[in-house]
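Report on the structure
Next come the chains, spelled out residue by residue.
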Amino acid sequence: MMYEKQQVQMRKDMKNKISSSFNNNVRENKRKSIEEERLEIVDLSGLSLESLPNPTLNLGIICKLDLSNNNLQIIPESLIARLLNVVVLDVHSNQFRTLPNSIGCLSKLKVLNVSGNHIESLPKTIENCRSLEELNANFNQLSKLPDTIGFELTNLKKLSVNSNKLVFLPRSLSHLTSLRILDARLNCLRSLPEDLENLINLEILNVSQNFQYLETLPYSVGLLLSLVELDVSYNKITTLPDSIGCLRKLQKLCVEGNPLVSPPMDVFEQGLHAVKEYMSERMNNGGTHPRSSPKCKRTSWVGRLVKYGTFNGRSRSSSNTGHRATDGESFIMPEYRSIDGLASPRYMGMFSPRRLFSPRNYLTR
């Protein structure tokens, strides 16, 4: 009898505990829902502001702040530090020369647009914005990026730094394994990081219009397994790395405006598939094409390409000039959009004298 009473009491206690836990969860979810409903979007764009007015609401409830197209030169450190729930911060087209260090307090920030200013360097504290997915710093005066930026911003999917004064990209950039778009055109780049193969999700790489500075591409370009578009036009590149022949998903290759020797022009005239086959044959023959020179010793890159599954070690027929579909060539990005639209320097550059009087080497599938 005593045992049965204990069992009944235990069931009652368990039922009360479950009920209490459920009610607590309901209250917590309701509280979160109310907080989410209270989050505000503040749009102060295009008002010719030279300074920010005193805020009339709690800055902690702002999820998007748009201060673009004004004449702002500074944002108070204290103001940025209180934007605890901001997800999107847009300050493009102002007069900023620096960004406040307190930007590192924005732990929920996903989109940061600082393009069209006069910023010479990004604060190191930006590395603390570990939720950041999109960084747009186009049309500034950047001469370098923080050295360790790639180690920290591991959620970054789009990095746009075109139209700056960048000489190098930090080596840590190769650790941005979530990166899908890298736009570094119209800079002064002299080289790219060697270990690009870690960018396993990179779909678009644009390093065009570095003009007399960029002379070579690293062999690791051939290990960018997800690459769909590669634009290296208007540089000083004479030879494309043979590993490009292993880019199975590549659908678009832009090389115009370069003094290219290899591959030769007649190969480009046959289309992208012919370029891939030419490069693959060079890989098979240790860096030479069978029709031009004898075999030489293969480089260690062949082994790495086999490891990553981009190179099968078998020759393709050089006589077949028809299109032969591979696994990657059927891939098309359904959501692909031009990086900056028709107003970007890429489209403005279409009308430059250099473009008009150079051979067109713009290859698609």
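Thresholds, definitions, all that
- Residues numbered from 1 in each chain as written.
- Predicted model: local features only at pLDDT ≥ 70, side-chain atom pairs only at ≥ 80, totals over all residues.
- Heavy atoms only, no water.
- Helix = DSSP H or I, 4+ residues; strand = E, 2+ residues; numbered from the N terminus.
- Buried < 20%, exposed > 50% of the residue type's maximum accessible area, 1.4 Å probe, protein only.
- Contact = heavy atoms within 4.5 Å.
- Areas by Shrake-Rupley, 256 points an atom, 1.4 Å probe, with all protein chains shown as cover.
- Salt bridge = Lys/Arg side-chain N within 4 Å of Asp/Glu carboxyl O.
- Expected span 1.5 Å × (residues − 1).
- Polar contact = N/O pair within 3.5 Å; in protein donor to acceptor, adjacent residues only side chain to side chain.
- Core = buried A, V, L, I, M, F, W, Y, C linked by side-chain atoms within 4.5 Å.
- Domains from an automatic or database assignment.
- pLDDT = per-residue confidence, 0-100.

Summing up its helical and strand segments, the chain has eight helices and 11 strands in all. Every one of the 365 residues in the chain was classed for burial, and the buried ones make up 46%. In the chain, the share of contacts with a sequence separation of at least 24, taken over all contacts with a separation of at least 6, comes to 45%. Put simply, the chain shows about 19100 Å² of open surface, and 53% of that area lies on carbon and sulfur atoms.

Okay, the environment of Y213 next. Looking at where Y213 falls in the secondary structure, it is placed in the loop between β8 (204-206) and β9 (229-231). Considered as a pair, Y213 and I237 are 24 residues apart in the sequence and their alpha carbons are 9.2 Å apart. Y213 has contacts with N187, C188, L189 and R190, leaving out every residue within four places of it along the chain.

Scanning the entire structure with this criterion turns up seven salt bridges. A salt bridge links R185 to D183, with the nearest nitrogen and oxygen atoms 2.8 Å apart. D183 carries the same exposure label as R185, and that label is buried. The closest approach of N and O atoms between R282 and D242, which form a salt bridge, is 2.6 Å.

On to helix α5 (residues 272-284), then. Residues separated by three or four positions in an α-helix point in the same direction, a consequence of the helix having 3.6 residues per turn. In this model α5 runs 18 Å from its N-terminal to its C-terminal C-alpha over 13 residues, within 8% of the 18 Å that 1.5 Å per residue would give. Burial analysis of α5 places 13 of its 13 residues in the buried class, the great majority of the element.

The next thing to look at is the side chain of N94. Position of N94 among the secondary structure elements: in the loop between β3 (88-90) and β4 (111-113). Among the polar contacts listed, one links the side chain of N94 to the backbone nitrogen of N70, at a separation of 3.3 Å. One polar contact links the side chain of N94 to the main-chain amide nitrogen of L72, over a distance of 3.1 Å. Those residues in contact with N94, other than ones at most four positions away along the chain, are L67, S68, N69, N70, N71, L72, G116 and N117.

Here we take up the nonpolar core. Grouped burial of nonpolar side chains is what soluble globular proteins tend to show. Ranked by internal contacts, the top residues of the largest apolar core, which has 71 residues, are L83, L112, L169, L230 and L240. At the level of elements, β2 (62-66), α2 (77-81), α4 (265-268) and α5 are the ones that each hand at least two residues to this core. Looking at this core element by element, the count peaks at five residues for α5. Summarising the domain contributions, this core has at least three residues from each of domain 1 (37-111) and domain 2 (142-286). Once residues within four sequence positions are removed from consideration, L112 is found in contact with L89, I103, I126, L132, E134, L135 and N136.

The class of N94 is buried, set by a relative accessible area of 2%. As for N94 and E50, which are separated by 44 residues in sequence, their C-alpha atoms are 9.2 Å apart.

Let us look at the confidence of the model for the chain. On average, residues of the chain score 79 in pLDDT, and 68% of them reach the 70 mark or higher. A low-confidence stretch, residues 291-299 stays under pLDDT 50, and its non-local contacts, those more than four residues away or across chains, total 15 contacts. Here residues 310-361 is a poorly scored stretch, pLDDT under 50, and it has 105 contacts once near neighbours within four places are set aside; other chains count.

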